[in-house]
Amino acid sequence: MNPFPIVAGELYAEEVPLSRIAAEVGTPVYVYSRAALERNATAFRDAVAPLGDPLCAFAVKANPNLAVLRVLAAQGFGADVVSGGELRRARAAGIAADKIVFSGVGKTAAELTLALEERIGQINIESVEEADELSAIAAARGVQAVCALRVNPDVDAGTHDKISTGKADSKFGVPLAEAVEVYDRMATLPGLAPCGVALHIGSQLADLAPLERAFTRLGNLVTRLRQKGHAITRVDLGGGLGIPYRQGEMFPSLADYAAMVARVTRSWDVRLIFEPGRIIVGDAGVLLTRVVRVKRGAANPFVVVDAAMNDLARPAMYGAWHDFMPVRASGARMVANIVGPICETGDTFATGREIDRLESGDLAVFRTAGAYGATMASSYNSRGFVPEVLVDADRFAVVADRIAPDAIMAAERVPDWLSDDAGQAR
Ligand SMILES: *Cc1c(COP(=O)(O)O)cnc(C)c1O
């Protein structure tokens, strides 16, 4: 199944020509394929199904759109959330509270309270300080928080520094060397019901070896905790599996991942939790854009598109590659720098990229934009927020409106004491 096929020379999303979406919704716009979301969700679920009855908790931060979450909820997915806002989204999308896991180093008292009110399945505690605070909040409410301890296994995930989360100097989790001591303490706190351990070492991992090292260390921790009398019933293995962004890149298969997990966890006797994000939504989306103009340049021409770093931050933020292809290929080729309109040089999607020749007004897409795309958008340069569309066979719906710059401006106020002075020289 190709969710973005070329039909009679034109790029489609499932059975809908992208040119039709551009005409009706405008550009730039994110376009997601329901079939691709369901295919990816099913593939993941099926791959890990032999590992007992694991919980697949979609990492909401990868794509928090309500319609996307609804599709995944219908596939039996729970949610890994990292803020109160994500928790509310997961619930609003119909994800059962007991399938929600809450991660993050900076959960506020209000967010921890919300998690208790909603009776979510598990809170992943990331510090001894958080354990104390959560216990106090829960005890004051007369409840016990079902929680796991997130550990930092000190492995180098071999990915971009900004999305590595399991090295010793990372802010996430507690160091393995302190984990037993912290868990001992958690077990004595009146407001906590600790049930296991968790980790997440980073994102866009190209290799299973760091994951295997981390899981092995986690298994050793489970043994030590049990020796101390703790009942460990759950282990959360996080997310992080990488996906190809360039034609021809090779990544570990889900089958290889599941086989590795089976080998490492064989004797653990726990319920496993997975938190996949990117691998579920990444290739299910594209960012559709229109060429504003082609400007001559010193080395290469600049293809200036109407999407920018505020709509898709990954290239500016991580130096990430997104394949770029025209909606209707001209047949001719060009080498170009692909840039957005934003007033900083960081607003560059590609440099010296060989692409199909494009002209002003042509449509094109950045591929594999379903993960960490729209969710990382901003309104920098007073641009609006980019809309999102979900395609289902021959129909589509706008699942997030474009938020116009005027709507953003409407939330701002000029205080009276500034307006009083308007135009008056001082
Ligand atoms: C970001 C994140 C994930 C998902 O990572 P992917 O690389 O998108 O699979 C899972 N768990 C936690 C705690 C995260 O922060």
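Keep in mind it's a predicted model, so treat the numbers as computed, not measured.

Conventions used here
- Residues numbered from 1 in each chain as written.
- Predicted model: local features only at pLDDT ≥ 70, side-chain atom pairs only at ≥ 80, totals over all residues.
- Heavy atoms only, no water.
- Helix = DSSP H or I, 4+ residues; strand = E, 2+ residues; numbered from the N terminus.
- Buried < 20%, exposed > 50% of the residue type's maximum accessible area, 1.4 Å probe, protein only.
- Polar contact = N/O pair within 3.5 Å; in protein donor to acceptor, adjacent residues only side chain to side chain.
- Contact = heavy atoms within 4.5 Å.
- Expected span 1.5 Å × (residues − 1).
- Arc of directions from axis to C-beta.
- Salt bridge = Lys/Arg side-chain N within 4 Å of Asp/Glu carboxyl O.
- Near = heavy atom within 4 Å.
- Areas by Shrake-Rupley, 256 points an atom, 1.4 Å probe, with all protein chains shown as cover.
- Disulfide = S-S within 2.5 Å.

*Asks:* What's the story with the side chain of N63 in this structure? I'm lost.
*Replies:* Relative to the assigned elements, N63 resides in the loop between strand 5 (55-59) and helix 3 (66-74). Looking at N63, the relative accessible area reads 2%, which means it is buried. A distance of 3.3 Å separates a polar atom in the side chain of N63 from a polar atom in the side chain of Y32. For N63, the side chain forms a polar contact with the main-chain oxygen of G370, separated by 3.0 Å. Not counting residues up to four positions away in its chain, the partners in contact with N63 are Y32, F58, V68, L69, V281, G370 and E388.

*Asks:* For this particular structure, what's the right way to read the side chain of N124?
*Replies:* Note on placement: N124 falls in strand 8 (residues 122-125). In terms of polar contacts, N124 uses its side chain to reach the side chain of Q122, at 2.7 Å. If we skip the residues at most four places from it in the chain, N124 touches V101, F102, S103, K107, E130, A148, A198, D236 and E275.

*Asks:* Would you mind showing me how to read helix 6 (residues 128-140) here?
*Replies:* Three- or four-residue spacings in an α-helix give side chains the same orientation, since the helix completes a turn every 3.6 residues. Helix length check: helix 6, at 13 residues, gives a terminal C-alpha distance of 18 Å against a target of 18 Å (1.5 Å per residue), a fit within 8%. Of all the positions in helix 6, only E130, A131, L134, S135, I137 and A138 are classed as buried. Along the long axis of helix 6, the arc covered by the buried residues comes to 165°, so they all point the same way. The exposed residues of helix 6 that point more than 90 degrees off its buried face are E129 and A140. Contacts from the buried residues of helix 6 go to helix 5 (109-117), strand 8, strand 9 (145-152), helix 7 (176-188) and strand 11 (192-198). G142, located one to two residues past helix 6, shows a positive phi value of around 75°.

*Asks:* Whenever I open this one, the pattern of salt bridges confuses me. Can you help?
*Replies:* Charged atoms that come close allow side chains of opposite charge to pair. Inspection of the entire model under this criterion finds 18 salt bridges. D53 is paired through a salt bridge with R271; the nearest N and O atoms lie 3.8 Å apart. With D53 in the loop between helix 2 (34-48) and strand 5 and R271 in strand 13 (residues 271-274), the pair connects residues that are 218 residues apart, well separated along the chain. Through salt bridges with shared partners, a single ionic network connects R34, E38, D392 and R395.

*Asks:* Is there a simple way to explain the site of the ligand in this structure?
*Replies:* Taken together, 15 residues lie near the ligand, and K61, S203, E275, R278 and Y372 sit nearest. In this structure, D80 approaches the ligand through a side-chain N or O atom, which is 3.2 Å from a nitrogen atom. One of the backbone N or O atoms of R278 is found 2.8 Å from an oxygen atom in the ligand. Protein chains shield 94% of the accessible area of the ligand, which is 390 Å² for the free molecule.

*Asks:* Would you mind going over the state of the cysteines with me for this structure?
*Replies:* Here, the word disulfide means a covalent bond between the sulfur atoms of two cysteines. A complete count under the given rule lists zero disulfides for this structure. Here C56 is not cross-linked by a disulfide; its sulfur's nearest cysteine counterpart is in C195, at 17 Å. As a non-bridged cysteine, C147 has C195 as the owner of its nearest cysteine sulfur, 6.7 Å distant. A relative accessible area of 0% places C147 in the buried class.

*Asks:* How do you make sense of the environment of A407 when you look at a structure like this?
*Replies:* Mapped onto the elements of the fold, A407 is located in helix 12 (residues 405-409). Residues A407 and F385, 22 residues apart in the sequence, show an inter-C-alpha distance of 9.9 Å.

*Asks:* Please explain helix 7 as it appears in this structure.
*Replies:* Taking 1.5 Å of rise per residue, 13 residues should cover 18 Å, and helix 7 covers 19 Å from first to last C-alpha, within 8% of that figure. Within helix 7, burial applies to L176, A179, V180, V182, Y183 and M186. Residues of helix 7 that are buried sit in contact with strand 8, helix 6, strand 9, strand 10 (174-175), strand 11 and helix 8 (209-227).

*Asks:* Is there a simple way to explain the environment of A131 in this structure?
*Replies:* Relative to the helices and strands, A131 resides in helix 6. Here A131 falls in the buried class, since its relative accessible area comes to 1%. The sequence separation of A131 and S203 amounts to 72 residues, and the corresponding C-alpha distance is 26 Å. Apart from residues no more than four positions distant in its own chain, A131 is found in contact with I125, M186, L189 and L192.

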